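# Fold and geometry: a report
Each chain is listed here by its residues.
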Amino acid sequence: CGDLGFNSSLCGFLRKAEGDSPYSSWDPAKEAQDLALVETLGGAGEALFEVKAPLQNNFNLVYTVVAEFGAPAVPVRLIVDTGSSDVWVKASSVVAPFGGGVVYDASRSTSADARPGRQVTILYGQGRVEGNEVRDRLCLGRLCITNQSFIFADAVYGIPDQWLFDGILGLGYPVLALDRYGATFVERLNETFRHLAIGFSLGGIGSDLAAAGGFLAIGELSELQREAQRDGLGDGVALQLWGVNHQAMYWLVRTNIAVRSHLHRASLRATATAEAEGAEAAMAILDSGTSLIAAPGLAYVALVQALMADKPDAMQKCTTTLMSAFGQLMCMCDVELNSLTFTMTGMGGKHLQVTLDAKDIMQVVGVGAMGQGVCRIAVMPSPPGMPLWILGDIFLRHTYAIHDVVNHKVHLYPQQGSHAAVILEELNRTQSIIQAANFAFNIACALATALAGTVIVYTLCARLRTSESDVCYDRF
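Residues numbered from 1 in each chain as written. Predicted model: local features only at pLDDT ≥ 70, side-chain atom pairs only at ≥ 80, totals over all residues. Heavy atoms only, no water.

### Considering the pairing of strand 7 (residues 87-90)
- By the alternation rule, side chains of strand 7 split into Val-87 and Val-89 and Trp-88 and Lys-90, which are all buried.
- Where strand 7 meets strand 11 (residues 167-170), three bridges bridge the pair, whose relative direction is antiparallel. Its bridge partner being in strand 11, Val-89 is matched across the sheet by Gly-167.
- With three bridges joining them, strand 7 and strand 10 (residues 143-157) adopt parallel strand pairing. (Buried < 20%, exposed > 50% of the residue type's maximum accessible area, 1.4 Å probe, protein only. Helix = DSSP H or I, 4+ residues; strand = E, 2+ residues; numbered from the N terminus. Pairing = 2+ DSSP bridges.)

### Some points on unusual backbone geometry
- For the bond from Ala-71 to Pro-72, the omega torsion is 0 degrees, close enough to zero to count as cis.
- In the Ramachandran plot, His-246 falls in the positive-phi region, its phi being about 70 degrees despite a non-glycine side chain.
- Tracing the backbone shows His-246 in the loop between strand 15 (242-244) and strand 16 (252-259).
- Notably, His-408 is not glycine yet its phi reads approximately 55 degrees, a positive angle.

### Quick notes on the nonpolar core
- Formed by 101 residues in total, the largest nonpolar core has its most connected members in Phe-69, Tyr-104, Leu-216, Ile-218 and Ile-377.
- Of all the elements, helix 5 (residues 298-308) adds the most residues to this core, at seven residues.
- For Ile-377, the residues in contact, after removing those within four places along its chain, are Leu-307, Met-308, Gln-328, Leu-329, Cys-331, Leu-337, Ile-361 and Met-362.
- With 16 residues, the next largest nonpolar core counts Val-62, Ile-79, Ile-122 and Ile-151 among its residues. (Core = buried A, V, L, I, M, F, W, Y, C linked by side-chain atoms within 4.5 Å. Contact = heavy atoms within 4.5 Å.)

### A short note on the state of the cysteines
- On inspection of all chains with the given rule, the structure shows three disulfides.
- Here Cys-139 engages in a disulfide with Cys-144; their sulfurs sit 2.0 Å apart. The disulfide joining Cys-139 to Cys-144 has a torsion of about 110 degrees about its S-S bond and is therefore right-handed.
- Taking relative accessible area as the criterion, Cys-139 reaches 4% and is therefore assigned buried.
- Paired by a disulfide, Cys-333 and Cys-375 hold their sulfur atoms 2.0 Å apart. Across the disulfide from Cys-333 to Cys-375, rotation about the S-S bond amounts to roughly 105 degrees, and the bridge is consequently right-handed. Separated by 42 residues along the polypeptide, Cys-333 in the loop between strand 21 (330-332) and strand 22 (340-345) and Cys-375 in strand 25 (residues 373-377) bring together distant segments of the chain.
- Cys-375 gets classed as buried once you look at its relative accessible area, which sits at 3%.
- Of note for the protein chain: the bonded cysteines, numbered N- to C-terminal, pair according to 1-2, 3-4, 5-6. (Disulfide = S-S within 2.5 Å.)

Structure below.
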């Protein structure tokens, strides 16, 4: 939901804790028991290899899943967010102004920990959430986790469209949850499954959950991959994740970005209107909590220029007076745009290519004074200081993503029925030259690393290749 200004990925994830934690006196053995205490509703002793829950598409703004909290169980609509790590749920005082039915109340749950947690503030790109840490039972389909730590939010500021959701289900790496005490949801899941994987589809795959909203799948990697095979998705493309400053933080991958024949360079040394084919590699976060695509710094300006290049009436239909509060360019819906292509090279040499045309990039938001349709271009600038691209829902709708938590990989499959995504065994000549150069560079870095006996050289190579910032990106 980057277009809403509610975007944990864009600014990382910052948290401020106030006061001492009452959990500091807990017995470590008790904590270890809690981490292992996971139930299945399918019956005692039943092995749980996968749980699948449908997603609700809310006007292409946010995708929510219904989880149940406490005892008696209360259904709660949570935004599925692979760009953050925490779980939080609104208190009744926050939900009441937006209507709604039954509201979770920690004080009325017989399974909640009676001791109040410390005060926590979560800061986002725009807006913030305040509340107490709570522990209670959380169920997602047949999977139930006892004593899951989450934030019981009694104040939510500056976040629009709150009537669409009741909280957040963070599925990012734990390092994004700063200054927390309890284990994140992903950490608890990792204690449950031998090889944890998280599948995310924004369009129905298979016959059991073919609703427009898609589904969230959690389970063993082998089971999710077998199911993808059964659904006719093939092997997909396996992408190795990149760390930030030597830590697994985001679902961060490397991609080439091109707008037709216009060149975008991640280093911003060339403008988007350079007369060359192909694209240079950039770092991009796969983030289900963002509905648009975000480009860092001047790359956003270059990207918009490239989308409108060779389209004489584009700027006339997209004026600065139509800029929204969050930096999105608003246009008449009949404006013509160039296509935007992302190419990702997987392990084994296969490539996933996703090409978004004007129908994908333009989203209807209303009607103008003269009766013309008004659309937004589904790209936005990243906040200052964020050097990474964000690939949100308009990209993810064309793929099925299986997140391999243990091995730091993500497997991407072209979504069934997608006109935009395709697996390529070979790229065109220009792209092949770029890939060959990148491959040679990787080999040089690997040799330098072996000679130096450290990963530092490889990290420096990655930094020089991908960014001029002081952030190091190292491949796992």
